[in-house]
Amino acid sequence: MPTLSMRIGSLAACAALLILGGCTTPYQAPATSAVKPDQLAGALNRVSWGVNQSTWQQAEKVGYDTWLDRQLHPSPAVLPPAAQAQIDAMTITQKPLQQLIQELDQQRKDIDKITVDDDKKSAQQAYQQELNRVAKEAAARSLLRDLYSPNQLQEQMTWFWMNHFSVHQGKSNLRVLVGDYEDKAVRPHALGKFRDLLAATLRHPAMIRYLDNEQNAANRINENYARELMELHTLGVDGGYSQRDVQELARILTGVGVNLGTGEPKVKKELQAQYVRQGLFEFNPNRHDYGDKEFLGQAVKGRGLAEVDEAIDRLSRHPATARFISRKLAVYFVADEPPPALVERMAATFASSDGDIAAVLRTMFTSDDFAQSLGRKFKDPVHYVVSAVRLTYDDKVILNTGPMLSWLNRMAEPLYGRQTPDGYPLTESGWASPGQMTTRFEIAKAIGSGNAGLFKTDGPQPTERAAFPQLANALYYHTLQKNLGQPTRQVLEQATSPQEWNTFLLSSPELMHR
Amino acid sequence: MKRRTLLQSLAALPVATMAGKLWAAPASKTRLLFVFMRGGYDATNLLVPISSQFYYQARPNIAVPKPGDDLNAALPVNADWGLHPALRETIHPLFTIGQVAFVPFAGTEDISRSHFETQDSIELGQALDGTRDYRSGFLNRLATTLNADRANAISFTDQLPLIMQGGAQLPNMALRSIGKPGVDARQAKMIASMYGDTALARQVRDGFVVREDVMKEMIGEMDAANRNAITAKGFELEARRIAKLMKEKYNIGFVDVGGWDTHVGQGGATGYLARRFEELGRGLAAYAKEMGPDWKDTVVVVVSEFGRTFRENGNRGTDHGHGSVYWVLGGGVAGGRVRGEQIRLEQNTLFQNRDYPVLNEYRAMFGGLFARMYGLDAGQVERIFGTKGQDLGLI
């Protein structure tokens, strides 16, 4: 499996670097954060997908610094049984990806054999519906984890990296692949080494297919992935690469593709030893350009898949990458215009820890800048929706993520739905327009009034469990209330029903920020 | 719906002047709709260089045939250019009556060939060598220059695009699908009051006002739908709704259309790209029709961040290029022709042996166009674009 071999690969690389003294251990003694006791709820609100009563009680019990440390280095997550049961019942849990994709591919091929027009049309519809259903499962699983996983930071970072290494489910059959991409390529590395994460995305069929690298072959160059790999995934557009670097990286990436079937391509005899198949990932030497290349000012000896590893090494250890990733993390977690000195310190940690993501995050979370920024970062739509449901229902597990998915659609930030590979904006100007605000208030009303359908099951015999929103709870009276401005308090006093009180609280400016 | 109540409650807001401004019909009859084709569309197959033998050599699989009797042949434009046949029923007739002009070799000097970088460049409309202000798009600066009595701008998108961000707080609302508002008038007023003097106050109030505006304009459409009238779909429906609002309320609009990044299998006279052209053409023609008599005072500009490689790639698609072809449409446009600086397309005239050079820089071009449309002086044009305008004789 790719995960295992990569882990061994990175351990070996780390061991080699240790001898040279270049590999610091990722573990650091828990540092004291700059977060003051009265900022606890605010800090939890930022590090988690949104503060709620149970998270607050846990952190109170163990202390914020210990809580943060557990978030940075989490144990395997145990979800509440009601949430885990929903995930366990999913097709994407029950069937290995290879089986799922082969069954769907067979379904698609069978359609071609149908000769009656009407039958063909309904078979095509059934196939498309099945693709949609599988993608929706992935999105539902993602939201359930965001809502209920004790490893809140890992889930936030999973969204962050899914956005950074964005793929669009609308292309080809990516709807079958996105769940596996998130679960196997991104999530396991979300708090690990950046290089491992980058390598895992590069070897996943979702990314290879999305950015057309399966089309990229010797003398038939497709430079789409090569360009985005440098511009969006590593160096950043100002990272100092040229059009020639794009073309050379595209040549290096020739032959990197996917094979969703069971057969293997015919490979020239002398190149057979170079053929690689790991799950759905395939390196086909027939399609690779074996000429020498020059990439980022240095020669790359033409020799096959090892060129790709060399390129990933260069890209992930480049100073421009350290800065680009650090700044993006700071934009997401601290401020739209993060303090340059903070970004510098994070980039320094990135460089000295060989891209250890948890270490970079620790530098950020323990800074004064972080503590001072609490309550000021505007929530993007995913954050708004997830935090509102977490706050409203705490650990009472919802039975239907459907309404949340449709709210995210309405606010133009659906999971796996960004059409372009740059990912969604992370700043206020992207999400605070008049049209967006109005939509938020309508969602606030849907959640606050308790009839949004979050507790209504899907299926032939839907059942609905009564679950009235509980926003006026201990957490509210202990901490949230203190942070509300006078105008918000006044409006809350004028609410004519508990439902309206909820709607106003979820619509307040304080709840739009984290 | 209690429209009257909402109006009264909005009037009671401290920013009644702002609300009043949004309600007022545009004072200036001049209207501008800006359409952004995101993804870098293959302009070479839109405005086909039919006199270039090199074009037919460079695109063995995806070239559009020279004008002729075949339905798949390019439509006549002039001796050098033909139009993609997917626009036969929509844009070509408008071109023939002189209401469409094309400007090839148009674009920005940005040569990153990055979608995102170049889209930002264009939307900002600022010089590339100076300090850039990332919060100031050029349609926002145009709206500010024209002042409240002459400009009433809106973006027909879910999010406010960079081109509309800046000093003037402009509203947005996507028109693809419209639902009835759930928050009632009293609640809207109270929610707005929570935002008191916060930085979001104006967005919140504008959002409620625009929503009401849109609902009022769409009543006719909903009635028609209830009577089982056949309604348009996709971009055509969106474009008709945009026209309705721009007739009544707004005189500067923005909308974007995606799906142009054709690295693989883009097709030629038929196929994927042809279908995108057809949908866009239908929408623009529907917009022109819906505007009715106001079409004569309307200018529609269609742009994309860059063109694509002149040669097709190994996958019968095209990769990121440089110069593009911009469209200018309107009842008062001096159309029926190809405008701006042009060169013969041969291997040695390609930019970096790869794509179209930019001979018509977009800031100068739009500066010249807006100067004519709005009677701007040279100083105003320079304040918007940081450069002098160049009049390409588009209107």
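Within each chain, residues carry numbers counting from 1 in the order of the written sequence. All chains are assigned letters beginning at A, and all ligands numbers beginning at 1, according to the order in which they are written. Totals for whole chains, interfaces and linings use every residue, but because this is a predicted model, local features are given only for residues with pLDDT of at least 70 and side-chain atom pairs only at 80 or more, for both listing and counting. The side-chain figures draw on all heavy atoms in the structure; neither hydrogens nor water molecules are used.

Notes on the overall build of chain A
Tallying secondary structure elements over chain A gives 25 helices and five strands in all. With the C-alpha coordinates of chain A rotated into their principal frame, the extents come out at 80 × 65 × 40 Å. In this description, contact between two residues means that some pair of their heavy atoms is separated by no more than 4.5 Å. Once local pairs closer than 6 in sequence are excluded, the contacts in chain A between residues at least 24 apart make up 72%. Each accessible area is a Shrake-Rupley result for a 1.4 Å probe, and residues are judged covered by the shown protein chains and nothing else. Roughly 20,500 Å² of accessible area belongs to chain A as shown, and the carbon and sulfur atoms make up 52% of that amount. By the counting scheme adopted, Arg and Lys are positive, Glu and Asp are negative, and His together with the chain ends is not counted. Throughout, a charge is located at the NZ atom of Lys, the CZ atom of Arg, the CG atom of Asp or the CD atom of Glu. Charge separation in chain A, taken as the distance between the mean sites of 56 positive and 57 negative side-chain charges, equals 2 Å. Helix numbering and strand numbering both begin at the N terminus, where a helix is a DSSP run of H or I of at least 4 residues and a strand a DSSP run of E of at least 2.

A short note on the overall build of chain B
For chain B, the helix and strand inventory stands at twelve helices and eleven strands. Between the two quantities, the radius of gyration covers C-alpha atoms and the globule rule is 2.2 Å times the number of residues to the power 0.38. The C-alpha atoms of chain B give 22 Å as radius of gyration, which agrees with the globular expectation for 395 residues (21 Å, within 12%). Across its three principal directions, the C-alpha atoms of chain B cover 70 × 55 × 35 Å. The burial tally for chain B puts 61% of its 395 residues in the buried class. Nonlocal contacts in chain B, meaning residues at least 24 apart in sequence, comprise 72% of its contacts between residues at least 6 apart. Accessible surface computed for chain B: about 14,800 Å², of which carbon and sulfur atoms make up 49%. To sort residues, take the accessible area from a 1.4 Å probe on protein chains only and compare it with the maximum for the residue type: under 20% means buried, over 50% means exposed, and anything in between is partly exposed.

Description of the sheet that holds strand β4 (residues 82–83) of chain B
All names here are of chain B. The strand order β2-β4-β3 describes an open sheet built from three strands, whose pairing is antiparallel. The sheet is open, and its two edges are formed by β2 (47–48) and β3 (75–76), each paired on a single side. Sheet analysis places β2 next to β4, joined by two bridges and oriented antiparallel. Opposite V48, over in β4, you have G82 as the bridge partner. Pairs of strands are assigned from DSSP output, requiring at least two bridges between the strands.

Some words on the environment of B:R383
Residue and element names in this part refer to chain B. Relative to the assigned elements, R383 resides in helix α12 (residues 378–385). On the accessibility criterion, R383 (62% relative accessible area) is exposed. Sequence separation of R383 and T145 is 238 residues, and the distance between their C-alpha atoms is 8.6 Å.

So, helix α5 (residues 115–124) of chain B
With nine of its ten residues buried, α5(B) lies for the most part within the structure. Those residues of α5(B) that fall on the buried side of the exposure criterion are B:H115, B:F116, B:E117, B:T118, B:Q119, B:S121, B:I122, B:E123 and B:L124. Packing partners of the buried residues in α5(B) comprise α13 (224–234) of chain A together with β1 (31–37), α6 (138–146), β8 (298–304), β9 (324–329) and α11 (362–374) of chain B. Regarding α5(B), its N-cap is B:S114, as a side-chain oxygen of that residue lies 3.3 Å from the backbone nitrogen of B:F116 further along. Just downstream of α5(B) lies B:G125, where phi reads positive at about 60°. Polar contact is defined as a pair of N or O atoms within 3.5 Å, subject to the rule that within protein one atom must be able to donate a hydrogen and the other to accept it, and that residues adjacent in sequence are counted only when both atoms are side-chain atoms.

Focus on the packing of aromatic side chains
For Phe, Tyr and Trp, where Trp contributes only its six-membered ring, two rings pair if their centres lie within 6.5 Å, and the inter-plane angle classes them as stacked under 30 degrees, edge-to-face over 60, or tilted in between. For the structure on display, the rule yields 40 aromatic pairs over all chains. Arranged with centres 5.2 Å apart and planes meeting at 25°, the rings of B:F54 and B:F310 form a pair that is stacked. On the criterion of sequence distance, the pair formed by B:F54 in helix α3 (residues 53–58) and B:F310 in the loop between β8 and β9 is long-range, its members being 256 residues apart. Comparing B:F54 with B:F310 shows no difference in burial state: the two are buried. With a centroid separation of 5.0 Å and 50° between ring planes, the pair formed by B:F138 and B:F385 is classed as tilted. Taken together, the positions of B:F138 in helix α6 and B:F385 in helix α12 put the pair 247 residues apart, joining distant regions of the chain. Members of the aromatic cluster, each reached through a chain of ring pairs, are A:W159, A:F160, A:W161, A:F165, A:F194, A:Y332, A:F333, A:F350, A:F365 and A:F370.

Re the pattern of salt bridges
Side chains bearing opposite charge may pair, as long as their charged atoms lie close to each other. Only one rule defines a salt bridge in this text: a Lys or Arg side-chain nitrogen within 4 Å of an Asp or Glu carboxyl oxygen. Under the criterion given, the structure shown has 49 salt bridges over all chains. Across the pair A:R317 and A:D313 runs a salt bridge, and its minimum N-O distance is 3.4 Å. Here A:D313 falls in the partly exposed class, since its relative accessible area comes to 27%. Across the pair B:D256 and B:R38 runs a salt bridge whose closest N-O atoms are separated by 2.9 Å. Within this pair, whereas B:D256 is found in strand β7 (residues 252–257), its partner B:R38 is found in the loop between β1 and β2, the two being separated by 218 residues in sequence. Through salt bridges with shared partners, a single network forms among A:E223, A:R227, B:R113, B:R354 and B:D355.

Remarks on the sheet that holds strand β1 (residues 256–258) of chain A
Residue and element names in this part refer to chain A. With antiparallel pairing, three strands are arranged side by side in an open sheet as β1-β3-β2. In the strand order of this sheet, the two ends are held by β1 and β2 (276–278), each with one partner. Going across the sheet, the axis of each strand differs from the next one's by a mean of 25°, ignoring polarity. Of the pairings in the sheet, the one linking β2 to strand β3 (residues 281–283) comprises three bridges and is antiparallel in character. Note that in β3 the partner of V276 across the bridge is F283. Axis lines are fitted through C-alpha atoms, for helices just across the contact stretch, and the angle between N-to-C directions can take any value from 0 to 180 degrees.

Focus on unusual backbone geometry
At A:N219, a position not held by glycine, the phi torsion is positive, near 65°. Notably, A:D394 is not glycine yet its phi reads approximately 50°, a positive angle.

Some thoughts on the interface of chain B and chain A
If you look at the interface, chain B gives 41 residues, while chain A gives 49 residues. Values labelled buried area give the accessible surface lost by two parts on being combined, using a 1.4 Å probe and summing over both. Surface buried jointly by chain B and chain A totals about 3,800 Å² across both partners, of which 55% is contributed by carbon and sulfur atoms. For chain B, the biggest contributors to the area lost against chain A are B:F116, B:Q159 and B:M194; these three give 19% of the whole. A:E223 serves as the salt-bridge partner of B:R354, at 2.7 Å between the closest nitrogen and oxygen. For the side of chain B that touches chain A, the elements supplying multiple residues, two or more each, are α5, α7 (185–194) and α8 (201–226) of chain B. All amino acids are sorted into three groups, where Ala, Val, Leu, Ile, Met, Phe, Trp, Tyr, Cys and Pro are nonpolar, Asp, Glu, Lys and Arg are charged, and the leftover types, Gly among them, are polar. Taken together, the residues of the side of chain B that touches chain A sort by class into 14 nonpolar, 17 polar and ten charged.

Some points on the nonpolar core
Here, nonpolar core means buried Ala, Val, Leu, Ile, Met, Phe, Trp, Tyr and Cys residues that are tied together by side-chain atoms lying within 4.5 Å of each other. Judged by nonpolar contacts, the single largest core of 168 residues is most densely connected at A:M157, A:W161 and A:L361. If we ignore the near neighbours within four places in the chain, the residues touching A:L361 are A:L72, A:L153, A:M157, A:L191, A:L329 and A:F333. In this structure, B:I178, B:M246, B:A274 and B:W327 belong to the second largest nonpolar core, which totals 65 residues.

Re the side chain of A:S353
Residues and elements named next belong to chain A. Examined against the element boundaries, S353 turns out to sit in the loop between α17 (340–352) and α18 (357–365). Residue S353 is classed as buried on the basis of its relative accessible area, which comes to 4%. Within the local environment of S353, its side chain forms a polar contact with the backbone oxygen of T349, the two atoms lying 2.7 Å apart.

Brief notes about the confidence of the model for chain B
All names here are of chain B. Summary of the metric used: pLDDT quantifies the predictor's per-residue confidence within the range 0 to 100. The share of residues in chain B with pLDDT of 70 or more is 90%, and the mean pLDDT across the chain is 89. This model gives residues 1–25 a pLDDT under 50, and the stretch forms 40 contacts once residues within four places in sequence are excluded. Note on the complex model: pTM 0.82, ipTM 0.88.

Here's the deal with the pairing of strand β5 (residues 100–107) of chain B
Residues and elements named next belong to chain B. The element β5 is extensively covered by neighbouring structure, given that eight of its eight residues are classed as buried. By the bridge criterion, two bridges tie β5 to strand β11 (residues 360–361) in an arrangement that is parallel. In the sheet register, G107 faces β11, and the bridge partner there is E361.

Looking at the packing of helix α7 (residues 97–113) of chain A against helix α8 (residues 117–148) of chain A
All names here are of chain A. It is the contact of α7 with α8, at a shortest axis distance of 9 Å, that shows an interaxial angle of 165°. Relative to α8, the element α7 is oriented roughly antiparallel. The handedness of the crossing between α7 and α8 is left-handed. The residues of α8 that touch α7, namely those facing L100, L104, Q107, R108, I111 and D112, are K120, A123, Q124, A126, Y127, E130, L131 and V134. Residues of the contact of α7 with α8, tallied by class, amount to eight nonpolar, two polar and four charged. Oblique is the label for every angle not falling under 35 degrees (roughly parallel), over 145 degrees (roughly antiparallel), or within 65 to 115 degrees (roughly perpendicular). Crossing handedness: left-handed means the near helix sits turned counterclockwise from the far one by under a right angle, and right-handed means the same turn made clockwise.

Brief notes about the environment of B:V100
Residues and elements named next belong to chain B. Note that V100 resides in strand β5. Take V100: its relative accessible area is 0%, and that puts it in the buried class. Sequence-wise, V100 and R337 are 237 residues apart; in three dimensions their C-alpha atoms are separated by 7.5 Å. Residues contacting V100, with those up to four places away along its chain left out, are I91, L94, F95, V328, L329, G335, G336 and R337.

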